[in-house]
Amino acid sequence: MAEFRLPGALQPGVRVRGGMAGKGRGPALSARPVDPHRIRRRSEARAPRSALGRWASLAVLLVFYLSTVQAQVLSTRIWPAKDYTRLTLESKEPVDYTIFSLKDPERLVIDLETSELSSALAELNGKVAADDPYISGLRVARNRPGIVRLVLDLKAEVKPQIFTLPPIADYGHRLVLDIHPLVAVDPLAVLIEETQQRPVPTQPAKPGVARIATIVIDAGHGGEDPGAIGRRGSREKDITLTIAKRLKALVDAEPNMRALLTRDGDYFLPLNVRVEKARKVKADLFVSIHADSFTRSNVRGSSVFALSDKRATSELARALAKKENEADLIGGVALVGKDDHVRRTILDLSQSATIDYSLRLGSSVLKQLGGVNELHKPHVEQASFAVLTAHDVPSILVETAFISNPQEEKRLTNQAYQDKLARAILEGIREYVAKHPPRPSGPVTLDRLSPRS
Ligand SMILES: [Zn+2]
(Lines give C-alpha, C1' and ligand atoms only; values in the text may rest on other atoms or scores of the structure.)
Protein backbone atom coordinates (compact mmCIF):
# COMPACT_ATOMS: atom_id res chain seq x y z
CA MET A 1 0.00 0.00 0.00
CA ALA A 2 1.58 3.28 -1.03
CA GLU A 3 0.39 6.68 0.01
CA PHE A 4 1.83 10.02 -1.01
CA ARG A 5 0.86 13.50 -0.09
CA LEU A 6 2.29 15.95 -2.55
CA PRO A 7 2.47 19.60 -1.69
CA GLY A 8 1.74 21.84 -4.63
CA ALA A 9 5.34 22.63 -5.44
CA LEU A 10 7.13 20.90 -8.29
CA GLN A 11 7.96 17.43 -7.15
CA PRO A 12 10.44 14.90 -8.28
CA GLY A 13 8.44 12.01 -9.66
CA VAL A 14 7.40 9.32 -7.22
CA ARG A 15 7.59 5.99 -8.94
CA VAL A 16 5.67 3.05 -7.60
CA ARG A 17 4.75 -0.37 -8.82
CA GLY A 18 1.02 -0.42 -8.33
CA GLY A 19 -0.01 -2.59 -5.42
CA MET A 20 3.46 -4.01 -4.97
CA ALA A 21 5.37 -1.12 -3.45
CA GLY A 22 8.08 -2.30 -1.15
CA LYS A 23 7.41 -5.97 -1.53
CA GLY A 24 7.01 -8.79 -4.01
CA ARG A 25 8.61 -8.70 -7.40
CA GLY A 26 11.53 -6.34 -7.83
CA PRO A 27 10.94 -3.25 -9.91
CA ALA A 28 13.99 -3.88 -12.11
CA LEU A 29 12.40 -6.97 -13.62
CA SER A 30 8.85 -5.72 -13.74
CA ALA A 31 9.76 -2.39 -15.29
CA ARG A 32 11.81 -3.84 -18.14
CA PRO A 33 10.02 -3.47 -21.47
CA VAL A 34 9.06 -6.64 -23.25
CA ASP A 35 11.68 -7.62 -25.80
CA PRO A 36 10.78 -10.93 -27.45
CA HIS A 37 13.87 -10.77 -29.71
CA ARG A 38 16.16 -10.63 -26.74
CA ILE A 39 14.31 -13.53 -25.17
CA ARG A 40 14.62 -15.50 -28.36
CA ARG A 41 18.32 -14.73 -28.72
CA ARG A 42 18.90 -15.95 -25.22
CA SER A 43 17.15 -19.20 -25.86
CA GLU A 44 19.10 -19.77 -29.12
CA ALA A 45 22.41 -19.12 -27.43
CA ARG A 46 21.96 -22.11 -25.17
CA ALA A 47 23.54 -25.47 -25.88
CA PRO A 48 21.28 -28.28 -27.22
CA ARG A 49 19.47 -30.12 -24.44
CA SER A 50 16.88 -32.78 -23.81
CA ALA A 51 13.21 -32.32 -24.72
CA LEU A 52 12.36 -32.05 -21.03
CA GLY A 53 15.04 -29.38 -20.60
CA ARG A 54 13.67 -27.46 -23.58
CA TRP A 55 10.15 -27.54 -22.13
CA ALA A 56 11.52 -26.40 -18.77
CA SER A 57 13.32 -23.47 -20.34
CA LEU A 58 10.23 -22.56 -22.37
CA ALA A 59 8.22 -22.54 -19.14
CA VAL A 60 10.81 -20.27 -17.51
CA LEU A 61 10.69 -17.94 -20.52
CA LEU A 62 6.89 -17.88 -20.41
CA VAL A 63 6.94 -16.93 -16.74
CA PHE A 64 9.56 -14.27 -17.50
CA TYR A 65 7.47 -12.95 -20.40
CA LEU A 66 4.27 -12.82 -18.36
CA SER A 67 6.04 -11.04 -15.52
CA THR A 68 7.25 -8.34 -17.90
CA VAL A 69 3.95 -7.80 -19.73
CA GLN A 70 2.68 -4.38 -18.78
CA ALA A 71 -0.69 -4.07 -17.16
CA GLN A 72 -3.52 -2.60 -19.16
CA VAL A 73 -6.12 -0.25 -17.71
CA LEU A 74 -9.48 -1.88 -18.36
CA SER A 75 -11.85 0.60 -16.82
CA THR A 76 -11.84 4.14 -15.49
CA ARG A 77 -14.20 6.10 -13.27
CA ILE A 78 -14.38 9.66 -11.94
CA TRP A 79 -16.48 10.49 -8.86
CA PRO A 80 -16.71 14.26 -8.47
CA ALA A 81 -17.91 15.64 -5.11
CA LYS A 82 -17.51 18.69 -2.94
CA ASP A 83 -15.69 16.58 -0.32
CA TYR A 84 -13.15 15.28 -2.83
CA THR A 85 -12.93 14.02 -6.40
CA ARG A 86 -11.82 10.45 -6.96
CA LEU A 87 -10.27 9.00 -10.13
CA THR A 88 -10.10 5.20 -10.32
CA LEU A 89 -8.10 3.19 -12.84
CA GLU A 90 -8.84 -0.52 -12.78
CA SER A 91 -6.69 -3.27 -14.25
CA LYS A 92 -6.18 -7.01 -14.09
CA GLU A 93 -2.56 -6.59 -12.97
CA PRO A 94 -1.11 -3.81 -10.80
CA VAL A 95 0.05 -0.80 -12.85
CA ASP A 96 3.40 0.89 -12.26
CA TYR A 97 3.11 4.65 -12.10
CA THR A 98 4.98 7.88 -11.49
CA ILE A 99 3.20 10.93 -10.17
CA PHE A 100 4.27 14.54 -9.92
CA SER A 101 2.68 17.96 -9.73
CA LEU A 102 3.32 21.10 -11.75
CA LYS A 103 2.57 24.71 -10.98
CA ASP A 104 1.41 27.71 -13.05
CA PRO A 105 -1.07 26.42 -13.91
CA GLU A 106 -1.71 23.74 -11.30
CA ARG A 107 -1.52 20.26 -12.79
CA LEU A 108 -1.05 16.69 -11.69
CA VAL A 109 0.76 14.28 -13.97
CA ILE A 110 0.61 10.50 -13.75
CA ASP A 111 2.80 8.39 -15.99
CA LEU A 112 1.39 4.89 -16.27
CA GLU A 113 3.64 2.05 -17.36
CA THR A 114 1.23 0.46 -19.74
CA SER A 115 1.91 -0.87 -23.19
CA GLU A 116 -0.95 0.89 -24.89
CA LEU A 117 -3.50 3.64 -24.67
CA SER A 118 -6.46 1.39 -23.92
CA SER A 119 -9.95 2.48 -24.91
CA ALA A 120 -10.81 2.81 -21.21
CA LEU A 121 -7.96 5.32 -20.77
CA ALA A 122 -8.74 7.13 -24.03
CA GLU A 123 -12.33 7.59 -22.82
CA LEU A 124 -11.03 9.74 -19.97
CA ASN A 125 -10.28 12.52 -22.45
CA GLY A 126 -12.93 15.10 -21.82
CA LYS A 127 -14.74 12.92 -19.27
CA VAL A 128 -14.47 15.49 -16.47
CA ALA A 129 -17.79 16.97 -15.37
CA ALA A 130 -18.06 20.71 -16.00
CA ASP A 131 -18.99 21.24 -12.36
CA ASP A 132 -16.18 19.09 -10.93
CA PRO A 133 -15.03 21.17 -7.95
CA TYR A 134 -11.32 20.44 -8.45
CA ILE A 135 -10.50 19.22 -11.98
CA SER A 136 -11.00 21.51 -14.98
CA GLY A 137 -9.72 19.12 -17.62
CA LEU A 138 -8.08 15.76 -18.21
CA ARG A 139 -5.82 14.75 -21.05
CA VAL A 140 -4.51 11.28 -21.79
CA ALA A 141 -1.96 10.41 -24.47
CA ARG A 142 0.87 8.03 -25.24
CA ASN A 143 3.96 9.80 -23.93
CA ARG A 144 6.72 7.44 -25.04
CA PRO A 145 6.91 3.70 -25.68
CA GLY A 146 5.33 1.89 -22.74
CA ILE A 147 4.19 5.08 -21.01
CA VAL A 148 0.77 6.66 -21.11
CA ARG A 149 0.56 10.10 -19.51
CA LEU A 150 -2.47 11.52 -17.71
CA VAL A 151 -2.49 15.25 -17.15
CA LEU A 152 -5.10 16.69 -14.81
CA ASP A 153 -5.67 20.43 -15.09
CA LEU A 154 -6.71 21.67 -11.67
CA LYS A 155 -8.95 24.56 -10.68
CA ALA A 156 -6.78 25.34 -7.65
CA GLU A 157 -3.96 23.92 -5.60
CA VAL A 158 -5.09 20.59 -4.13
CA LYS A 159 -3.99 17.84 -1.75
CA PRO A 160 -3.66 14.71 -3.85
CA GLN A 161 -3.54 11.25 -2.32
CA ILE A 162 -2.70 8.23 -4.46
CA PHE A 163 -2.94 4.60 -3.40
CA THR A 164 -3.64 1.14 -4.71
CA LEU A 165 -6.29 -1.36 -3.72
CA PRO A 166 -5.98 -5.11 -4.10
CA PRO A 167 -8.74 -7.03 -5.91
CA ILE A 168 -11.99 -7.38 -3.94
CA ALA A 169 -15.58 -8.32 -4.80
CA ASP A 170 -16.05 -7.62 -8.53
CA TYR A 171 -13.04 -5.32 -8.74
CA GLY A 172 -9.54 -6.07 -10.02
CA HIS A 173 -6.49 -4.01 -9.03
CA ARG A 174 -7.35 -0.35 -8.55
CA LEU A 175 -5.10 2.67 -8.69
CA VAL A 176 -6.94 5.48 -6.91
CA LEU A 177 -6.20 9.19 -7.01
CA ASP A 178 -8.15 11.28 -4.52
CA ILE A 179 -8.09 15.03 -5.00
CA HIS A 180 -8.84 16.79 -1.74
CA PRO A 181 -9.16 20.54 -1.31
CA LEU A 182 -6.32 22.23 0.62
CA VAL A 183 -8.84 23.05 3.35
CA ALA A 184 -11.28 20.21 3.95
CA VAL A 185 -15.01 20.94 3.62
CA ASP A 186 -16.26 21.70 7.15
CA PRO A 187 -19.57 19.93 7.85
CA LEU A 188 -20.43 22.51 10.49
CA ALA A 189 -20.08 25.32 7.94
CA VAL A 190 -22.35 23.35 5.57
CA LEU A 191 -24.90 22.89 8.35
CA ILE A 192 -24.84 26.58 9.26
CA GLU A 193 -25.31 27.61 5.63
CA GLU A 194 -28.19 25.19 5.12
CA THR A 195 -29.87 26.24 8.37
CA GLN A 196 -29.71 29.89 7.34
CA GLN A 197 -31.16 29.11 3.92
CA ARG A 198 -34.07 27.01 5.14
CA PRO A 199 -37.53 28.57 5.06
CA VAL A 200 -38.89 29.96 8.29
CA PRO A 201 -41.04 27.19 9.83
CA THR A 202 -44.77 27.83 9.80
CA GLN A 203 -45.12 26.56 13.37
CA PRO A 204 -43.16 28.36 16.04
CA ALA A 205 -40.72 26.27 18.03
CA LYS A 206 -42.42 24.57 20.95
CA PRO A 207 -42.03 26.43 24.22
CA GLY A 208 -39.48 24.78 26.43
CA VAL A 209 -37.46 23.47 23.49
CA ALA A 210 -34.04 24.75 24.30
CA ARG A 211 -32.57 24.33 20.88
CA ILE A 212 -32.90 22.64 17.55
CA ALA A 213 -31.90 18.98 17.44
CA THR A 214 -29.31 18.14 14.79
CA ILE A 215 -29.95 14.86 13.00
CA VAL A 216 -27.14 13.52 10.81
CA ILE A 217 -28.51 11.27 8.07
CA ASP A 218 -26.08 8.89 6.45
CA ALA A 219 -26.86 7.38 3.05
CA GLY A 220 -25.00 4.06 3.13
CA HIS A 221 -22.36 3.18 0.49
CA GLY A 222 -21.77 5.36 -2.63
CA GLY A 223 -19.29 5.82 -5.46
CA GLU A 224 -17.07 2.75 -5.91
CA ASP A 225 -19.19 0.90 -3.35
CA PRO A 226 -22.64 0.14 -4.79
CA GLY A 227 -23.76 -1.76 -1.68
CA ALA A 228 -26.12 -4.65 -2.31
CA ILE A 229 -27.58 -5.05 -5.81
CA GLY A 230 -31.10 -6.32 -6.42
CA ARG A 231 -32.18 -8.79 -9.09
CA ARG A 232 -33.59 -5.96 -11.19
CA GLY A 233 -30.25 -4.18 -10.92
CA SER A 234 -31.23 -1.55 -8.33
CA ARG A 235 -28.25 -0.44 -6.28
CA GLU A 236 -28.39 0.02 -2.55
CA LYS A 237 -26.31 3.24 -2.78
CA ASP A 238 -28.96 4.93 -4.96
CA ILE A 239 -31.90 3.84 -2.81
CA THR A 240 -30.19 4.94 0.41
CA LEU A 241 -29.39 8.37 -1.05
CA THR A 242 -32.96 8.93 -2.26
CA ILE A 243 -34.46 7.95 1.10
CA ALA A 244 -31.82 9.97 2.99
CA LYS A 245 -32.61 13.10 0.93
CA ARG A 246 -36.32 12.57 1.48
CA LEU A 247 -35.79 12.16 5.21
CA LYS A 248 -33.64 15.28 5.33
CA ALA A 249 -36.43 17.32 3.73
CA LEU A 250 -38.91 15.98 6.29
CA VAL A 251 -36.59 16.65 9.24
CA ASP A 252 -35.83 20.17 7.99
CA ALA A 253 -39.58 20.87 7.86
CA GLU A 254 -39.81 20.19 11.61
CA PRO A 255 -39.53 23.36 13.68
CA ASN A 256 -37.29 21.77 16.32
CA MET A 257 -34.98 19.77 14.06
CA ARG A 258 -32.56 20.12 11.21
CA ALA A 259 -30.65 17.56 9.22
CA LEU A 260 -27.23 17.17 7.65
CA LEU A 261 -26.45 14.52 5.05
CA THR A 262 -23.06 12.83 5.30
CA ARG A 263 -23.05 12.58 1.49
CA ASP A 264 -25.35 14.31 -0.97
CA GLY A 265 -24.15 12.63 -4.15
CA ASP A 266 -22.82 9.42 -5.62
CA TYR A 267 -19.37 9.21 -4.08
CA PHE A 268 -17.74 7.07 -1.45
CA LEU A 269 -17.12 8.21 2.11
CA PRO A 270 -15.06 6.06 4.49
CA LEU A 271 -17.01 4.90 7.54
CA ASN A 272 -14.85 6.87 9.99
CA VAL A 273 -15.40 10.07 7.96
CA ARG A 274 -19.17 9.58 8.32
CA VAL A 275 -18.74 9.22 12.09
CA GLU A 276 -16.43 12.25 12.20
CA LYS A 277 -18.99 14.41 10.37
CA ALA A 278 -21.58 13.61 13.04
CA ARG A 279 -19.10 14.43 15.79
CA LYS A 280 -17.93 17.67 14.14
CA VAL A 281 -21.45 19.08 14.04
CA LYS A 282 -22.09 17.72 17.56
CA ALA A 283 -25.06 15.77 16.25
CA ASP A 284 -27.86 14.79 18.60
CA LEU A 285 -28.69 11.70 16.56
CA PHE A 286 -27.10 9.72 13.73
CA VAL A 287 -29.20 7.59 11.37
CA SER A 288 -27.51 5.43 8.74
CA ILE A 289 -29.82 4.25 5.94
CA HIS A 290 -29.27 0.89 4.21
CA ALA A 291 -31.06 -1.89 2.33
CA ASP A 292 -30.43 -5.46 3.38
CA SER A 293 -29.61 -8.47 1.24
CA PHE A 294 -29.54 -12.20 1.71
CA THR A 295 -28.81 -15.23 -0.42
CA ARG A 296 -32.42 -16.47 -0.13
CA SER A 297 -34.68 -14.11 -2.06
CA ASN A 298 -37.77 -14.77 0.10
CA VAL A 299 -36.16 -13.20 3.20
CA ARG A 300 -37.84 -9.85 3.86
CA GLY A 301 -38.63 -7.13 6.36
CA SER A 302 -37.22 -4.00 7.95
CA SER A 303 -34.74 -4.03 10.82
CA VAL A 304 -32.87 -1.55 13.01
CA PHE A 305 -29.43 -1.98 14.55
CA ALA A 306 -27.38 -0.30 17.25
CA LEU A 307 -23.76 -0.70 18.32
CA SER A 308 -22.83 -3.48 20.69
CA ASP A 309 -20.10 -3.03 23.29
CA LYS A 310 -20.10 -6.76 23.87
CA ARG A 311 -20.92 -9.61 21.55
CA ALA A 312 -23.41 -9.24 18.72
CA THR A 313 -26.98 -10.08 19.74
CA SER A 314 -27.19 -12.70 17.00
CA GLU A 315 -25.01 -14.42 14.43
CA LEU A 316 -26.95 -12.67 11.67
CA ALA A 317 -26.32 -9.25 13.24
CA ARG A 318 -22.61 -10.08 13.53
CA ALA A 319 -22.49 -11.14 9.88
CA LEU A 320 -24.36 -8.02 8.79
CA ALA A 321 -21.95 -5.75 10.70
CA LYS A 322 -19.02 -7.53 9.05
CA LYS A 323 -20.58 -7.04 5.62
CA GLU A 324 -21.38 -3.36 6.22
CA ASN A 325 -17.88 -2.76 7.63
CA GLU A 326 -16.39 -4.14 4.40
CA ALA A 327 -17.71 -1.02 2.65
CA ASP A 328 -14.32 0.61 3.26
CA LEU A 329 -12.50 -2.17 1.43
CA ILE A 330 -14.87 -2.06 -1.54
CA GLY A 331 -15.35 1.71 -1.61
CA GLY A 332 -11.60 2.19 -1.26
CA VAL A 333 -9.74 3.78 1.61
CA ALA A 334 -6.02 4.41 1.90
CA LEU A 335 -5.62 2.24 4.96
CA VAL A 336 -2.22 3.67 5.88
CA GLY A 337 -2.51 5.22 9.32
CA LYS A 338 -6.21 4.35 9.67
CA ASP A 339 -6.95 3.58 13.28
CA ASP A 340 -9.09 0.75 14.52
CA HIS A 341 -12.02 2.97 15.29
CA VAL A 342 -14.36 0.29 16.57
CA ARG A 343 -11.91 -1.26 19.03
CA ARG A 344 -10.72 2.10 20.30
CA THR A 345 -14.21 3.46 20.89
CA ILE A 346 -15.62 0.38 22.52
CA LEU A 347 -13.11 0.78 25.32
CA ASP A 348 -14.73 4.11 26.09
CA LEU A 349 -17.06 3.73 29.09
CA SER A 350 -19.33 6.56 27.97
CA GLN A 351 -20.28 4.35 25.06
CA SER A 352 -22.65 2.28 27.23
CA ALA A 353 -24.87 5.29 27.97
CA THR A 354 -24.88 6.26 24.29
CA ILE A 355 -25.82 2.70 23.30
CA ASP A 356 -28.71 2.81 25.76
CA TYR A 357 -30.06 5.93 24.02
CA SER A 358 -29.37 4.38 20.62
CA LEU A 359 -31.58 1.44 21.60
CA ARG A 360 -34.39 3.79 22.64
CA LEU A 361 -34.13 5.66 19.33
CA GLY A 362 -33.96 2.32 17.50
CA SER A 363 -37.10 1.03 19.23
CA SER A 364 -39.06 4.17 18.30
CA VAL A 365 -37.98 3.91 14.65
CA LEU A 366 -38.58 0.16 14.50
CA LYS A 367 -42.10 0.58 15.88
CA GLN A 368 -42.92 3.10 13.14
CA LEU A 369 -41.35 0.96 10.42
CA GLY A 370 -43.68 -1.82 11.55
CA GLY A 371 -46.53 0.35 10.22
CA VAL A 372 -45.17 0.36 6.66
CA ASN A 373 -43.45 -3.02 6.33
CA GLU A 374 -43.26 -6.28 8.18
CA LEU A 375 -40.37 -6.41 10.62
CA HIS A 376 -37.49 -8.77 10.02
CA LYS A 377 -36.81 -8.82 13.77
CA PRO A 378 -39.22 -7.50 16.43
CA HIS A 379 -36.45 -5.82 18.44
CA VAL A 380 -33.36 -3.70 17.84
CA GLU A 381 -30.32 -5.90 17.23
CA GLN A 382 -26.75 -5.02 18.12
CA ALA A 383 -23.32 -5.65 16.61
CA SER A 384 -19.98 -3.89 15.97
CA PHE A 385 -20.95 -1.54 13.16
CA ALA A 386 -18.03 0.82 12.45
CA VAL A 387 -20.42 3.55 11.27
CA LEU A 388 -22.23 3.63 14.65
CA THR A 389 -19.18 4.39 16.80
CA ALA A 390 -19.56 8.12 17.53
CA HIS A 391 -19.26 7.57 21.27
CA ASP A 392 -21.38 10.59 22.24
CA VAL A 393 -24.05 10.45 19.53
CA PRO A 394 -26.95 7.97 19.74
CA SER A 395 -26.66 6.14 16.42
CA ILE A 396 -28.76 3.59 14.57
CA LEU A 397 -28.49 1.73 11.29
CA VAL A 398 -31.79 1.17 9.49
CA GLU A 399 -32.06 -1.71 7.03
CA THR A 400 -35.14 -0.37 5.27
CA ALA A 401 -36.01 -3.64 3.48
CA PHE A 402 -34.36 -6.49 1.58
CA ILE A 403 -33.16 -5.42 -1.86
CA SER A 404 -32.52 -9.13 -2.52
CA ASN A 405 -36.26 -9.80 -2.24
CA PRO A 406 -37.86 -8.94 -5.64
CA GLN A 407 -41.07 -7.54 -4.11
CA GLU A 408 -39.19 -5.43 -1.60
CA GLU A 409 -36.72 -4.28 -4.28
CA LYS A 410 -39.66 -3.05 -6.35
CA ARG A 411 -41.09 -1.17 -3.39
CA LEU A 412 -37.70 0.29 -2.45
CA THR A 413 -37.46 1.96 -5.86
CA ASN A 414 -41.03 3.28 -5.67
CA GLN A 415 -41.17 6.97 -4.78
CA ALA A 416 -44.36 6.73 -2.72
CA TYR A 417 -42.92 3.83 -0.71
CA GLN A 418 -39.58 5.61 -0.21
CA ASP A 419 -41.61 8.49 1.17
CA LYS A 420 -43.48 6.15 3.54
CA LEU A 421 -40.18 4.74 4.82
CA ALA A 422 -38.74 8.25 5.33
CA ARG A 423 -41.90 9.34 7.17
CA ALA A 424 -41.78 6.29 9.42
CA ILE A 425 -38.15 7.03 10.33
CA LEU A 426 -39.08 10.69 10.95
CA GLU A 427 -41.94 9.65 13.24
CA GLY A 428 -39.53 7.46 15.22
CA ILE A 429 -37.08 10.34 15.53
CA ARG A 430 -39.88 12.71 16.58
CA GLU A 431 -41.05 10.33 19.27
CA TYR A 432 -37.50 9.98 20.59
CA VAL A 433 -36.79 13.74 20.52
CA ALA A 434 -40.09 14.42 22.35
CA LYS A 435 -39.02 12.04 25.13
CA HIS A 436 -35.37 13.11 25.16
CA PRO A 437 -35.18 16.75 24.06
CA PRO A 438 -31.64 17.92 23.31
CA ARG A 439 -29.89 19.20 26.41
CA PRO A 440 -29.87 23.01 26.54
CA SER A 441 -26.20 22.95 27.38
CA GLY A 442 -25.61 20.53 24.59
CA PRO A 443 -23.76 20.78 21.38
CA VAL A 444 -24.48 23.56 18.89
CA THR A 445 -27.12 26.09 19.89
CA LEU A 446 -28.79 28.38 17.41
CA ASP A 447 -27.09 31.48 18.79
CA ARG A 448 -23.76 29.79 18.22
CA LEU A 449 -24.77 29.24 14.64
CA SER A 450 -23.67 32.57 13.25
CA PRO A 451 -20.75 32.49 10.83
CA ARG A 452 -18.88 34.86 13.15
CA SER A 453 -18.73 32.29 15.95
ZN1 LIG B 1 -25.57 -1.41 3.43
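To start, this report covers the structure provided alongside it. (Residues numbered from 1 in each chain as written. Predicted model: local features only at pLDDT ≥ 70, side-chain atom pairs only at ≥ 80, totals over all residues.)

### Focus: the nonpolar core
Reasoning step 1: Judged by nonpolar contacts, the single largest core of 64 residues is most densely connected at Ile 215 and Ile 425.
Reasoning step 2: Here this core gets 8 residues from one element, more than from any other, and that element is helix α13 (residues 415–435).
Reasoning step 3: Setting aside its immediate chain neighbours within four residues, Ile 425 contacts Leu 247, Val 287, Val 365, Gln 368 and Val 398.
Reasoning step 4: Counting 33 residues, the second largest nonpolar core, distinct from the first, contains Val 73, Leu 108, Leu 112 and Leu 175. (Core = buried A, V, L, I, M, F, W, Y, C linked by C-beta atoms within 7 Å. Buried ≥ 20, exposed ≤ 12 C-beta atoms within 10 Å, placed from the backbone. Helix = DSSP H or I, 4+ residues; strand = E, 2+ residues; numbered from the N terminus. Contact = placed C-beta atoms within 7 Å.)

### Brief notes about the pairing of strand β16 (residues 395–402)
Residues in a regular strand point their side chains to alternate faces of the sheet.
Reasoning step 1: Among the 8 residues that make up β16, 8 are buried, leaving the element largely enclosed by the rest of the structure.
Reasoning step 2: Where strand β13 (residues 285–292) and β16 come together, 6 bridges link them in parallel fashion. Its bridge partner being in β16, Asp 292 is matched across the sheet by Phe 402.
Reasoning step 3: Pairing analysis gives 3 bridges linking strand β14 (residues 303–307) to β16, with the strands arranged antiparallel. When the sheet's bridge partners are listed, Phe 305 is paired in β16 with Leu 397. (Pairing = 2+ DSSP bridges.)

### Focus on the pairing of strand β9 (residues 158–165)
Reasoning step 1: Within β9, 6 of the 8 residues are buried, which leaves the element mostly enclosed by the surrounding structure.
Reasoning step 2: Pairing of β9 with strand β10 (residues 173–181), which is carried by 8 bridges, proceeds in the antiparallel orientation. Looking at β10, one finds that Gln 161 is bridged to Asp 178.

### Section: the sheet that holds β13
Reasoning step 1: Strand order in the open sheet formed by 6 strands is β12-β11-β13-β16-β14-β15, with mixed pairing between adjacent strands. Looking at the sheet topology across the chains shown, the edges are occupied by β12 (257–261) and β15 (381–383). Taken over all neighbouring pairs, the strand axes of this sheet differ in orientation by 30° on average, direction set aside.
Reasoning step 2: Sheet strands in contact with helix α8 (residues 315–325) are β13, β14 and β15, and its direction is about 55° off that of β15. (Axes fitted to C-alpha atoms, helices over the stretch in contact; angles between N-to-C directions.)

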